[in-house]
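Chain by chain, the residues run as shown.
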Amino acid sequence: MGFDTEFTTIDVERVIDSYQFAVPDPLDPSVVVEVVILPPLGSDARISLHTALWTVVVAAELWRSPLVPDEVGPRGVSRGAFWSDDWWERREALAKLRVPIVLACHYGAADLTAFRSGGQARELDALVRLTSAAGGLVTLLPFRSQRGNENGYWWESLSVSVRDTMSQAPAGKKSLAVLGKACGVAKLDVPEGWVSRMTEYRREHLAEFLEYGVNDAYIVLEYLARLWGDGVVPPITLSGGAAAALVDSGSAYLGASSPAEFRRKFAGLVDEDNGVEAVEEGDRLSFYAKRGRNPLDGSAAQLSSAFARAYHGGLNSCPMPGYYPIPTVDIDAQNAYPTAMALVRDLDWEAGAIEEVVHERFLTIDDLPTASTPFVGFVSFEFPAEVAHPCLPIVADGTLVYPRTSEGVAGSWSGGPEVCLALRLGAEVYCQIGFFGRELRRDGRPSLSLRNGVKQLIDDRNAAKALFGKGSLEEQTLKTGVNSVYGKTAQDVAEQRSWDALSQEMDNVGGSAISSPYHAATTTSFVRAQLLATMNQIVDRGGCVYSVTTDGFITDLSVDEVASLDLYGLAEPLRESRTALTGDPSIWETKHQQDDLVNFTTRGNASLSFGGVCAHNGLKVPKGVVEDSAEDREYLLRAVVTREGRVPNGYTRFPSFQELSRTENRRDFIPSRVERSVSMDYDLKRKPVMSSMTPEFVPLPDGTMHEVATFTTEPWETVEECLRARQIAREMAQTSCLRTVAQWRDWDVRYSHGKGRRIVTPQRAVLMSIVMAHRQGVVEIPTLAEGALSVQQRLDWLAEWGLGTVSRGDWDNARRPERTSQMLPRETLEPYLSRMRQMPSGEHPGPADRLPL
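Residues numbered from 1 in each chain as written. Predicted model: local features only at pLDDT ≥ 70, side-chain atom pairs only at ≥ 80, totals over all residues. Heavy atoms only, no water.

Asks: For this particular structure, what's the right way to read empty space enclosed by the protein?
Replies: One simple way to see leftover space: roll a probe sized like a water molecule over the atoms. Evaluated as defined, the whole model comprises 3 cavities of 30 Å³ or more. Roughly 90 Å³ of volume is contained in the largest cavity. If you go around the largest cavity, you meet 13 residues; those closest to its centre are Phe-600, Arg-643, Val-708, Ala-709 and Leu-738. Among the elements of the structure, strand S28 (597-601) and strand S37 (705-710) are those that each provide at least two residues to the lining of the largest cavity. Residues belonging to the lining of the largest cavity are distributed by class as follows: 9 nonpolar, 2 polar and 2 charged. In this structure, the second largest cavity spans a volume of roughly 60 Å³. Every residue along the wall of the second largest cavity is listed here: Arg-263, Phe-266, Ala-267, Leu-269, Phe-287, Tyr-288, Arg-293, Gly-511, Ser-512, Ala-513, Ile-514 and Ser-515. (1 Å grid on protein atoms, 1.4 Å probe; cavity = no way out; pocket = protein on both sides within 12 Å on 5 of 7 lines; lining within 4 Å. Points joined across faces, edges and corners; volume = space filled by probe spheres on them. Helix = DSSP H or I, 4+ residues; strand = E, 2+ residues; numbered from the N terminus. Nonpolar A, V, L, I, M, F, W, Y, C, P; charged D, E, K, R; others polar.)

This is how it looks when you write it as structure tokens:
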């Protein structure tokens, strides 16, 4: 059932002008029944969702559908067909006598909030049954809507699922006009000036108003039928559909007879009741705990936990801020994430997923003969001084920092591809604790279920490209499906929280059908390793890398020159993967080219060249300005090169899903103005080389010239240096900015001669680092690992050491991946760490154990 509304916003009030629906005739689907419900003209009256839907049921005679039980008619079902004195029994019996509806809209935040809720006793509040997903509002499971007539003799029973075409369309193709074009239904327009005065338009041009409104509902209906087929319940989101397809292909590949068996073979997960009690309740990862699952065994629990800690986001950096009036090219890794996924080897979870444990030793190249070797470890490291781009990240200050050494922190959880590259770059890598996964073999070769599934999606995309053309919505939809598979493997691996409208609180989103820390962490590690290897070899060849963003970079080398690089051995498996997926070994493609480049920060660069880069760093485009247009480029460039501080950038926002669905102080879909300013300063993920800094002057179209400091960067020696530099920049941004050479010299004076942050380590820092080390799986302390003890008993035991106290919140947060950057080096934790590890569970520290630091 396609659905849409028309409304008029007057000041802070919204008048609903119409509710319109389009639904196939239940006995002749070639006929579409259109229904428009009109509230009294200009009034604030609203209709309930149940009343609206049952009105359509009657008007379109949906009760005649073969999906509806015979007992149901236009008045619903008679009381005698289901009644019982037991409330639960009659409710369940009535639920079976329902009309099942999939209510589909476009941008449900506007339309689903147009119904009345809470106005009558026991009236259904549909908004609390919804979830925000991929830009739309949806239901994860159908909800019931049951209502009796005045005397309770006739009852109307509905089962409602909600879908939103915002969640069913690829990025850049989400407008209703584009969806209509794809399914052969042109979106209608209203004459200029009327769109904000729909109440008047309805009053003066009723026929045109009705046709315009119901046409949008018809587009939604036809688009979903075109995408998924007539009568098919669409998946919740496009990415969810891709994940379901991968479960099907993966089940066939792995010989799994059910989704549950697939989860066991693919990710080492089983249903909660069947799992081994290998993980304490507080230590369970949210991606499986939320879905009522457990690791298959202790080995699966240990390995999944380690890979979850090693899961990081994309590589984003700005190695060369400034102005470069020379030819440069923006090069992308072709299908970077699908290519990497196709290199991830399956693990033999059922045979015990850990092949070997590495403990307190240096790693060698022989340990990781290929970047695909399944490995994860907590490592400390030091790169040679000549390495331009170290490749082992540390999570700090909410981002990834790539220092030359791990000095000052205990280390970092890292995946196999980046560790392999680090060793090939000549780094010393010391593994405190690490695990090699046991590979699953298939016909004597590594099992690659992700490759099999991704290839199937790519083949489908190529078929769509041949049928409908490159860039068509059909081809772009399947492209989105291919690229979204990685995101579904990573869903809630790094804990994600969202608003749960039913419970009225924030909660973890839970994993998808294919969530797997091993697959997600290894995939993203491979993509980062690919880019970092390329950047290092470009620099070695005498080229420059100006910016890198997730799956591409800007350089002064040509795409052919980049394609000739061997990437320290990574190019060969990447080409093999591309060949297996597409038949073409090419791994790079040109995205943009420009003759001028202003590179100001991570995800921030601009060119006036047509077709050149234009990345806004969060700066919102003014209303009426088309993104990437000449006007947009000039706006961004002017804002950056003329700034004296943060750039004012207010915008209009609509309420969040939380604001729309909360039961107290609920907001209607009314826009509000947000006043904010955005920093365009370089983010100091790398250290400015002050001796390289020059003032370059950027010309604007009006003939004015503006100074922009231009310089190279190098890796920070330690994370601590980076954090201190970023803090100084934040303080300066309160009153100024970092645009000119003089401003950067001011920063350098503060950084080079200001007071350092390193102080004598307090006892509590030692205590918290010990807790982090245990909770992060780096070390095991018998008493803290004793499952028979409550968390409070363990905290009490820690307090006996005289180093301070640990709260329950400290204990819970200590296992979060970003806490590794706060963990002190192991030698500073002595002698307490060794004494705690050597003390058997059940014993308590005495005065001799509590020697002062």
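Asks: Would you mind showing me how to read the environment of Pro-715 here?
Replies: You can see Pro-715 is positioned in the loop between strand S38 (713-714) and helix H20 (719-733). Spatially, the C-alpha atom of Pro-715 lies 9.3 Å from that of Thr-405, the residues being 310 residues apart in sequence. Apart from residues no more than four positions distant in its own chain, Pro-715 is found in contact with Val-387, Ala-388, Pro-390, Tyr-402, Arg-404 and Arg-686. (Contact = heavy atoms within 4.5 Å.)

Asks: Where do I start with the packing of helix H13 (residues 449-468) against helix H14 (residues 473-489) in this structure?
Replies: Two elements in contact, H13 and H14, have axes separated by 8 Å at closest approach and are oriented at 170 degrees. Classified by the angle between their axes, H13 and H14 sit roughly antiparallel to one another. Of the two possible hands of crossing, H13 and H14 adopt the one that is left-handed. Taking contact as the criterion, the partners of Leu-450, Val-454, Leu-457, Ile-458, Asp-460, Arg-461, Ala-464, Lys-465 and Phe-468 in H13 are, on H14, Glu-474, Glu-475, Leu-478, Lys-479, Gly-481, Val-482 and Val-485. Across the contact of H13 with H14, the residue classes tally to 9 nonpolar, 1 polar and 6 charged. (Axes fitted to C-alpha atoms, helices over the stretch in contact; angles between N-to-C directions. Parallel < 35°, antiparallel > 145°, perpendicular 65-115°, else oblique. Left-handed = near helix turned anticlockwise from the far one by under 90°.)

Asks: Looking at this structure, how should I read the layout of surface pockets?
Replies: Of the pockets and cavities examined, the second largest pocket occupies roughly 1,200 Å³. Every residue lining the second largest pocket is counted, 34 residues in all, and those nearest its centre are Phe-7, Tyr-107, Lys-623, Phe-654 and Phe-669. Only strand S1 (2-10), helix H3 (108-111), helix H6 (206-228) and strand S32 (651-653) provide two or more residues apiece to the lining of the second largest pocket. Top contributing element to the lining of the second largest pocket by residue count: S1, with 4 residues.

Asks: Sorry if this is basic, but what is going on with helix H15 (residues 517-540) here?
Replies: Given 3.6 residues per turn, any residue in an α-helix points the same way as the ones three and four places further on. Compared with the 34 Å implied by 1.5 Å per residue over 24 residues, the 34 Å span of H15 between its first and last C-alpha is a close match. The buried fraction of H15 is high, at 22 of 24 residues. Looking at the residues trailing H15, positive phi occurs at Gly-542, about 95 degrees. (Expected span 1.5 Å × (residues − 1). Buried < 20%, exposed > 50% of the residue type's maximum accessible area, 1.4 Å probe, protein only.)

Asks: Would you take a moment to explain the pairing of strand S2 (residues 13-24) for this structure?
Replies: Along any regular strand the residues' side chains alternate between the sheet's two faces. Across the 12 residues of S2, 10 count as buried, placing the element largely inside the fold. Here S1 runs beside S2; their pairing, made up of 9 bridges, is antiparallel. The residue bridging Ile-10 from the neighbouring strand is Glu-13, located in S2. Counting the residues that bridge the hairpin from S1 to S2 gives 2 residues, and of these Asp-11 lies at a positive phi of roughly 55 degrees. In this sheet, strand S3 (residues 32-37) lies alongside S2 in antiparallel orientation, the contact comprising 6 bridges. Considered in S3, the bridge of Ala-22 is made with Glu-34. (Pairing = 2+ DSSP bridges.)

Asks: Help me out: how do you make sense of the pairing of strand S26 (residues 552-555) in this one?
Replies: By the alternation rule, side chains of S26 split into Gly-552 and Ile-554 and Phe-553 and Thr-555, which are all buried. As paired elements, strand S14 (residues 328-333) and S26 share 4 bridges and run antiparallel to each other. Each residue of the ladder has a partner; that of Val-329, found in S26, is Thr-555. Two elements, strand S25 (residues 545-549) and S26, share 4 bridges in a ladder whose sense is antiparallel.

Asks: Sorry if this is basic, but what is going on with the packing of aromatic side chains here?
Replies: Two aromatic rings are characterised by how far apart their centres lie and by the angle between their planes. If you walk through the whole model with that rule in mind, you get 29 aromatic pairs. Centroid distance Phe-307 to Tyr-518: 5.0 Å. Interplanar angle 70 degrees. Geometry classified as edge-to-face. Of the two residues, Phe-307 sits in helix H10 (residues 298-309) while Tyr-518 sits in helix H15, which places them 211 residues apart along the sequence. An identical accessibility class is assigned to Phe-307 and Tyr-518; each is buried. Cluster of aromatic residues (ring-pair linked, three or more members): Tyr-682, Phe-711, Trp-716, Trp-744, Trp-747 and Tyr-751. (Phe/Tyr/Trp six-rings, centres within 6.5 Å; stacked < 30°, edge-to-face > 60°.)

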